[in-house]
Amino acid sequence: MNVIAVYEGADEPVVTEKPRPEPAAGEALVRTLRVGVDGTDHEVIAGEHGGAPEGEDHLVLGHEAVGVVEDPNDTPFAVGDVVVPTVRRPPNGANEYFARGEPDMAPAGEYHERGIVGAHGFMAEYFTSPAEFLVEIPPALADWGFLVEPVSIAAKAIEHAHASRSAFHWDPESALVLGNGSLGLLAVATLDEAFDRIYCLGRRERPDPTIDVIESLGATYVNSNETPVSSVPAAYEPMDFVVEATGHAPHAFETIEALAPNGVGALLGVPGDWAFEVDGGRLHREFVLHNKALVGSVNSGYEHFETAVDALSRFSASFLDDLVTGVYGIDEFEAAFADDDTTIKTAVEFGSYEER
Ligand code: NAP
Ligand code: BGC
Ligand code: ZN
């Protein structure tokens, strides 16, 4: 079967052949429909994040997948069920984090991430997975199922932010998403119903397709060239909730200044090392005197995937059409990895649901 992989030392993915996998006991065989591409894939391809399975010279890419069960292999699934795989797997049998159903809280060394670090991903015509890591979704969502994983990232961040504010009456109204990449736009859509006023910050000038998406969601675009994050309270309003989805490291600290008293920021970006100056005393004081919080959040668990399926089913068709700027067959897979201002969210299509 065809797979899309990146080889060590290479800076571009290639199509290569591998045998179709055989499901082990407890695993189902899944025929892949679509696999999304995000900023992490670009970081993995550039060698900035993740790595190949031990002893191997390549990594099969892809962690945002949707597929159809081809062979349930005595798992609870039926042939034709539409499923989305979670990303993390235990490296050496189960550990306490997986046993508790909280693999997203496991520290480094206690997990592999399929398509990112230590385990091959889903950019293959078929993949196998233990049934416990497959989330069934309605067939009507088959085309968009590759968005469940990134939406689950936003869902986890929102849950953790709320949890950090659960000791008092917190009634947030304003939210700011930093970043108009695919994660940022999906975060805006996910927050939509829960906040009265939503803002999304980017560094693009008009006309730009991401600004159109932001405004079609009823959110306000903030141009960071005119309004840096720390000026947002004066230019717009202090924010009860900030989601950072740029990976631009200064944003983590500027978020503290963008927050309203009692507000919380969720940091999702994954920057490289970057030393810069901050006024530590001022930020420390802001935290304490205004009861502010920052939470970091990575990956997501089974329940966040379930929350994401609900959220995805409420997204409008026009939002999804505008967000997904390209779905490419394996013969034109390079287009799915384009990184330009007209590309928002892309996926590689390995097969169609109707083929069954
Ligand atoms: P992406 O498509 O590359 O989006 C990043 C966006 O941030 C781009 O739109 C970029 O704008 C914008 N940006 C970067 N620097 C900026 C700045 N200084 N000011 C304003 N906007 C800026 O990546 P993504 O897939 O959406 O992911 C976003 C980040 O989250 C990445 O760091 C990724 O690694 C991370 N991530 C984390 C998790 C997690 O579990 N925590 C999950 C998925 C992704 P331009 O396009 O104009 O350059
Ligand atoms: C993936 C997460 C993963 C994170 C860090 C993200 O793009 O969606 O599942 O935990 O990267 O590797
Ligand atoms: Zn991702």
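Residues numbered from 1 in each chain as written. Chains lettered and ligands numbered in written order. Predicted model: local features only at pLDDT ≥ 70, side-chain atom pairs only at ≥ 80, totals over all residues. Heavy atoms only, no water.

Within the protein chain, the regular secondary structure consists of ten helices and 19 strands. Taking 21 Å as the expected radius of gyration for a compact globule of 356 residues, we find that the protein chain reaches 20 Å, a close match to that expectation. If one aligns the C-alpha atoms of the protein chain with their principal axes, the spans along those axes are about 60 × 45 × 40 Å. Counting across all 356 residues of the protein chain, residues that qualify as buried make up 53%. Expressed as a percentage of contacts within the protein chain between residues at least 6 apart in sequence, the contacts between residues at least 24 apart total 69%. For the protein chain, the centre of its 20 positive side-chain charges and the centre of its 62 negative side-chain charges are spaced 4 Å apart. (Helix = DSSP H or I, 4+ residues; strand = E, 2+ residues; numbered from the N terminus. Rg over C-alpha atoms; globule rule 2.2 N^0.38 Å. Buried < 20%, exposed > 50% of the residue type's maximum accessible area, 1.4 Å probe, protein only. Contact = heavy atoms within 4.5 Å. Lys, Arg positive; Asp, Glu negative; His and termini not counted. Charge placed at Lys NZ, Arg CZ, Asp CG, Glu CD.)

Bringing the pairing of strand S10 (residues 126-130) into the picture now. Among the five residues that make up S10, four are buried, leaving the element largely enclosed by the rest of the structure. Where strand S3 (residues 27-37) and S10 come together, five bridges link them in antiparallel fashion. Residue pairing for S10: Arg 31 is matched across the bridge by Tyr 126. (Pairing = 2+ DSSP bridges.)

A separate point is the site of ligand 1. Contacts to ligand 1 come from 26 residues, most closely from Gly 39, Arg 203, Arg 204, Leu 268 and Ser 297. Take Gly 39: an N or O atom from its main chain is 2.8 Å from an oxygen atom of ligand 1. A distance of 2.9 Å separates a nitrogen atom of ligand 1 from a polar backbone atom of Ser 297. When residues of the shell around ligand 1 are assigned to their parent elements, the largest contribution, three residues, is made by helix H1 (residues 39-45). Of the residues assigned to the shell around ligand 1, the class counts are seven nonpolar, 15 polar and four charged. (Near = heavy atom within 4 Å. Polar contact = N/O pair within 3.5 Å; in protein donor to acceptor, adjacent residues only side chain to side chain. Nonpolar A, V, L, I, M, F, W, Y, C, P; charged D, E, K, R; others polar.)

Together, Phe 253, Trp 274, Phe 276 and Val 278 make up a nonpolar patch on the protein surface, roughly 360 Å² of accessible area in all. Following the sequence through the fold, Phe 276 ends up in the loop between strand S16 (259-267) and helix H8 (280-289). (Patch = residues over 30% accessible without salt bridge, like charges linked within 9 Å, V, L, I, M, F, W, Y side chains within 5 Å. Areas by Shrake-Rupley, 256 points an atom, 1.4 Å probe, with all protein chains shown as cover. Salt bridge = Lys/Arg side-chain N within 4 Å of Asp/Glu carboxyl O.)

All right, on to the pattern of salt bridges then. For the structure shown, the criterion picks out 15 salt bridges. In this structure, the salt-bridge partner of Glu 173 is Arg 197, at a minimum N-O distance of 3.3 Å. Highlighted residues: Glu 173 in the loop between helix H3 (148-164) and strand S12 (174-178) and Arg 197 in strand S13 (residues 197-202), separated in sequence by 24 residues. The class for Glu 173 is partly exposed, based on a relative accessible area of 34%. Here Glu 286 and Lys 292 are joined by a salt bridge, their closest N and O atoms 2.5 Å apart. Under the relative-accessibility criterion, Glu 286 is labelled partly exposed at 21%.

Here we take up the coordination of the zinc ion (ligand 3). Geometrically, a metal with four donors at the corners of a regular tetrahedron has ideal angles of 109.5 degrees, and one with six donors at the corners of a regular octahedron has ideal angles of 90 or 180 degrees. On the protein side, the zinc ion (ligand 3) has Asp 38 (OD) and His 63 (NE2) as donor atoms, found 2.1 Å from it. Relative to the metal, the four donor atoms surrounding the zinc ion (ligand 3) lie at angles of 76 to 157 degrees, and the coordination shape comes out irregular. Here His 63 lies in the loop between strand S4 (58-60) and strand S5 (64-71) and Asp 38 lies in the loop between S3 and H1, a separation of 25 residues in the sequence. One exposure class covers both Asp 38 and His 63, and it is buried. (Donors = N, O, S within 2.8 Å, 3.2 Å for Na, K, Ca; no water. Tetrahedral: all angles 85-135°; square planar, octahedral: opposite > 155°, others 65-115°.)

Keep in mind these numbers describe shape, not what the thing actually does.
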